[in-house]
Amino acid sequence: MKKAVFPGSFDPITLGHVDIINRAMPLFDELIISIGINDTKNYRFSLEERVAFIKKTLSHIPNIKIKTYSGLTTEFCREIKADFILRGLRNPADFEFEKAIAITNRKLTGIDTVFLLTSADTAFISSSIVRDILKHNGDVSKFVPVAVNKSL
């Protein structure tokens, strides 16, 4: 069974995340959406809200699980016996950043990272941009799933 972890803060989940998840489903038997907990980070949405957004958005996909974790992603992968880490790439800067992490993870643990390029329609979307738009009371409905938009 091929099991992958898609890690992130998902603060909030965006249509870019959803695109990567939908396109990754044929590649894996199980995909664990893994919400990392970082005590030094200030989140816009609570952990409970982020989990709820993901559950509502992806409830139609049976082989997805949602888990939270803290610490190294590779250690979490080992704990749940995941074979792969899934990452989405929007641009060359993402690739350079993610490549270094992927090489390090492979050297440390042997866990491979699978990269998917985001679709042209969603390549510009990031959670940071969405949070900035929200901070200024803007409309994010074109960038986030309905579950997020309805909660605003």
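The structure under discussion appears in the preceding block.
Described in the following lines is the structure provided in the data block. (Residues numbered from 1 in each chain as written. Predicted model: local features only at pLDDT ≥ 70, side-chain atom pairs only at ≥ 80, totals over all residues. Heavy atoms only, no water.)

### A few points about the pattern of salt bridges
Where side chains of opposite charge bring their charged atoms close, a pairing between them can arise. According to the stated counting rule, one finds nine salt bridges in the structure shown. Two residues, E30 and K3, come together in a salt bridge whose shortest N-O distance is 3.5 Å. In this pair, E30 sits in strand β2 (residues 30-36) while K3 sits in strand β1 (residues 3-8), placing the two residues 27 residues apart along the sequence. Each of the two residues, E30 as well as K3, counts as buried. A salt bridge links E30 to K65, with the nearest nitrogen and oxygen atoms 3.1 Å apart. Placement of the pair is E30 in strand β2 and K65 in strand β3 (residues 64-69), with a sequence separation of 35 residues. Residue class for E30 comes out buried when judged on its relative accessible area of 10%. Overall, K65 belongs to the partly exposed group, its relative accessible area being 40%. (Salt bridge = Lys/Arg side-chain N within 4 Å of Asp/Glu carboxyl O. Helix = DSSP H or I, 4+ residues; strand = E, 2+ residues; numbered from the N terminus. Buried < 20%, exposed > 50% of the residue type's maximum accessible area, 1.4 Å probe, protein only.)

### Here's the deal with the layout of surface pockets
Of the pockets and cavities examined, the largest pocket occupies roughly 1,100 Å³. Put simply, the parts of the chain that give the lining of the largest pocket at least two residues each are β1, α1 (15-24), α3 (73-80), β4 (84-89), α4 (92-109) and α5 (127-135). For the lining of the largest pocket, the element with the highest residue contribution is α4, accounting for eight residues. Considering only residue class, the lining of the largest pocket consists of 14 nonpolar, 20 polar and six charged. (1 Å grid on protein atoms, 1.4 Å probe; cavity = no way out; pocket = protein on both sides within 12 Å on 5 of 7 lines; lining within 4 Å. Points joined across faces, edges and corners; volume = space filled by probe spheres on them. Nonpolar A, V, L, I, M, F, W, Y, C, P; charged D, E, K, R; others polar.)

### Re the pairing of β4
For a regular strand, side chains alternate in direction, first toward one face of the sheet and then toward the other. Examined bridge by bridge, β1 and β4 share two bridges and lie parallel to one another. Of the residues in β4, the one forming a bridge with V5 is I85. The pairing of β4 with strand β5 (residues 112-117) spans six bridges and is classified as parallel. Within β5, the position partnered with I85 by the bridge is T113. Taken together, β4, α4 and β5 constitute a β-α-β crossover, and its handedness is right-handed. (Pairing = 2+ DSSP bridges. Right-handed = clockwise from strand over helix to strand, strands pointing away.)

### What about the environment of K150?
Along the polypeptide, K150 turns up in helix α6 (residues 146-151). Residue classification places K150 among the exposed positions, given a relative accessible area of 70%. For the pair K150 and F53, spaced 97 residues apart in sequence, the C-alpha to C-alpha distance is 9.8 Å.

### What about the side chain of T14?
As for its position among the elements, T14 is in the loop between β1 and α1. Polar side-chain contacts of T14 include one of 3.2 Å to the backbone nitrogen of G16. Apart from the residues within four sequence positions on either side, T14 is in contact with I125, S126, S127, V130, F143, V144 and P145. (Polar contact = N/O pair within 3.5 Å; in protein donor to acceptor, adjacent residues only side chain to side chain. Contact = heavy atoms within 4.5 Å.)

These results come straight from atomic positions and should not be treated as a statement about function.
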